[in-house]
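Coordinates in review
One-letter residues, chain by chain:
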Amino acid sequence: MLQEGAGRKKITYFDNACQTLRPKQVLDAINQYYLKSSACSGRSMHQLAAEVTRECDQARVLVAKFLNAAKKEEVVFTRNTTEGINLVANSIGLQKDDVVLISDKEHNSNLIPWQMMARKHGILVKIVPSRPDNTFDLDAFEKLLDPKVRLVSFGWSSNLDGVTIPVAEIIKKAHQNGSLVLLDAAQSAPHHKANVKALDVDFMAFSGHKMLGPSGMGVLYAKYQLLEKMDPFLVGGDTVASSTYETCEFLPPPEKFEAGLQDYAGIMGLGAAAKYLMDVGFDAIEKQELLLNEAITAEIKDIPRLKLLGPADPRLRGGVVAFTLEGVDSHRIALMLDQMAAIMVRSGQHCVHSWFNAHQIKGSVRASLYFYNTMEEASLFTSSLKKIGKVL
Ligand SMILES: Cc1ncc(COP(=O)(O)O)c(C=O)c1O
């Protein structure tokens, strides 16, 4: 992984929930576009354009394989998870008094779009409370399921504490209720196998930059029959087969949702990232993250004043170790880890302000791991944190 810039000493990168590092294969795919076939896809007839069209199509095939989608046309390229969620919010025809269920731990990207729909169209947003240990409460969810619930939209794995929710049961119960399901997979797609066909999920949004891919590149997966019925959210060039001064004929999905000139290099980079992760394999990814999380949790759990966010058991927190240290500002800890040992973590409210405000917590420190992190890095982190715990 590329992480050592010119003249910079070795870093320990534990901010993977924000953005991961990239392998050479991804950079090569991005460069290949700019160096070899820097042209428009689809629009022109010449050989460069044909090459771009072919490469982008190949990337879509790779992403569809990554998700086990029924067909590549179920993969809509977006800029990021946020755009995918906004697309669903604005395109499924939500009406006044329709209910959207979310959890009490959603990232702003899976909260604010629904708040806007409430403000503009009079939908109701209902919150499923988590259990006291921050795990998903299936009973509370079931109690809120009623015929008014058009959509349930949950973060598959939490960026707050790493907790993964029981998506198979949730989808089954939602479908029995006649509700659609959208998964915010920003934090799960990089770490856990997503088999959209087996799960029967309706929508799933995720971002390239959290799974080794380029930033500004994301995916909305959606069942094809839903995409066919949905109106596009952004419209314009490349979304239509033809137009008159009065009207237009939209292209079939996914094109009708991909307005304007696309990030071709980003698409190719994302395809390379999906391939890289499939080659590494999710068993190996989960195994390494757990190994590291177990080692870190065992070492830090007894630091005085330290409180882990989420369940104590690292097996329930994937690659995330989030905590507060009573009486100490989270940003101060993050800065000290960086200054003392070049360890990069994130601090603050992690775009989950609603949860922090509700719990009256100012912020947390979050170490988020990925499969390329090592035990040596884990011990540097725990020994540095112990020192910080003593001096602050
Ligand atoms: C759970 C979750 N959802 C959504 C997002 C938003 O992702 P993006 O900024 O790539 O749209 C993030 C980013 O951190 C996240 O962790």
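Everything numeric in this text was worked out from a predicted model, so none of it was measured.

A word on the packing of aromatic side chains. In total, this model carries 12 aromatic pairs according to the counting rule given. Considering the side-chain rings of Tyr33 and Tyr264, the 5.8 Å spacing of their centres and the 55 degrees angle between planes classify their relative orientation as tilted. One end of the pair, Tyr33, is in helix α1 (residues 24-36); the other, Tyr264, is in helix α9 (residues 264-280), with 231 residues separating them in the sequence. Like Tyr264, Tyr33 is buried. Among the aromatic residues, ring-to-ring pairing joins Tyr33, Tyr34 and Tyr264 into one connected group. The cationic tip of Lys71 hangs over the ring face of Tyr224; the distance from NZ or CZ to the ring centre is 3.8 Å.

Let us look at the environment of Ala272. With respect to the helices and strands, the residue Ala272 is situated in helix α9. Ala272 sits 248 residues away from Lys24 along the chain, and the two C-alpha atoms are 9.7 Å apart. Apart from the residues lying within four places of it in its own chain, the contact partners of Ala272 are Gln25, Val26 and Ala29.

What follows is about the pairing of strand β12 (residues 320-325). Most of β12 sits inside the fold, with six of its six residues counted as buried. Residues Val320, Ala322 and Thr324 of β12 are buried on one face, and the alternating residues Val321, Phe323 and Leu325, pointing to the opposite face, are buried as well. Bridging between strand β11 (residues 306-308) and β12 involves three bridges; their strand directions are antiparallel. The residue of β12 that forms the bridge with Leu308 is Phe323. Bridge count for β12 against strand β15 (residues 364-368) is four bridges, and the pairing is antiparallel.

The next point concerns the site of the ligand. Near the ligand you find Asn80, Thr81, Thr82, His107, Ser109, Asn159, Asp184, Ala186, Gln187, Ser207, His209 and Lys210, and these make up its full shell. Contact between the ligand and Gln187: an oxygen atom at 2.7 Å from a side-chain N or O atom of the residue. Lys210 is positioned such that a nitrogen or oxygen atom in its side chain is 2.7 Å from an oxygen atom of the ligand. Classifying every residue of the shell around the ligand gives one nonpolar, nine polar and two charged.

Bringing the sheet that holds β11 into the picture now. Across the sheet, four strands lie side by side as β11-β12-β15-β14; this open sheet has antiparallel pairing. Looking at the sheet topology across the chains shown, the edges are occupied by β11 and β14 (346-348). Sheet twist, expressed as the average angle between the axes of neighbouring strands with direction ignored, equals 25 degrees. In the packing of helix α10 (residues 282-300) onto the sheet, contacts are made with β11 and β12, and the angle to β12 comes to roughly 20 degrees.

Here we come to the side chain of Arg60. By the secondary structure assignment, Arg60 is in helix α2 (residues 47-67). The contact partners of Arg60, leaving out residues within four places of it in the chain, are Lys72, Val75, Val76, Phe77, Pro254 and Glu258.

Domain annotation for the protein reports domain 1 (24-280) and domain 2 (281-391). Computed over C-alpha atoms, the centres of domain 1 and domain 2 are 28 Å apart. At the interface, 29 residues of domain 1 touch 26 residues of domain 2. When the two sides are added together, the surface that domain 1 and domain 2 hide from each other amounts to roughly 2100 Å², 59% of it contributed by carbon and sulfur. On inspection of domain 1 and its partner domain 2, the count reaches zero salt bridges. On inspection of domain 1 and its partner domain 2, the count reaches nine residue pairs in polar contact (both at pLDDT 80 or more).

Quick notes on the rules
Residues numbered from 1 in each chain as written. Predicted model: local features only at pLDDT ≥ 70, side-chain atom pairs only at ≥ 80, totals over all residues. Heavy atoms only, no water. Phe/Tyr/Trp six-rings, centres within 6.5 Å; stacked < 30°, edge-to-face > 60°. Helix = DSSP H or I, 4+ residues; strand = E, 2+ residues; numbered from the N terminus. Buried < 20%, exposed > 50% of the residue type's maximum accessible area, 1.4 Å probe, protein only. Lys NZ or Arg CZ within 6 Å of the ring centre and 35° of its normal. Contact = heavy atoms within 4.5 Å. Pairing = 2+ DSSP bridges. Near = heavy atom within 4 Å. Polar contact = N/O pair within 3.5 Å; in protein donor to acceptor, adjacent residues only side chain to side chain. Nonpolar A, V, L, I, M, F, W, Y, C, P; charged D, E, K, R; others polar. Axes fitted to C-alpha atoms, helices over the stretch in contact; angles between N-to-C directions. Domains from an automatic or database assignment. Buried area = accessible area lost by both parts, 1.4 Å probe. Salt bridge = Lys/Arg side-chain N within 4 Å of Asp/Glu carboxyl O.

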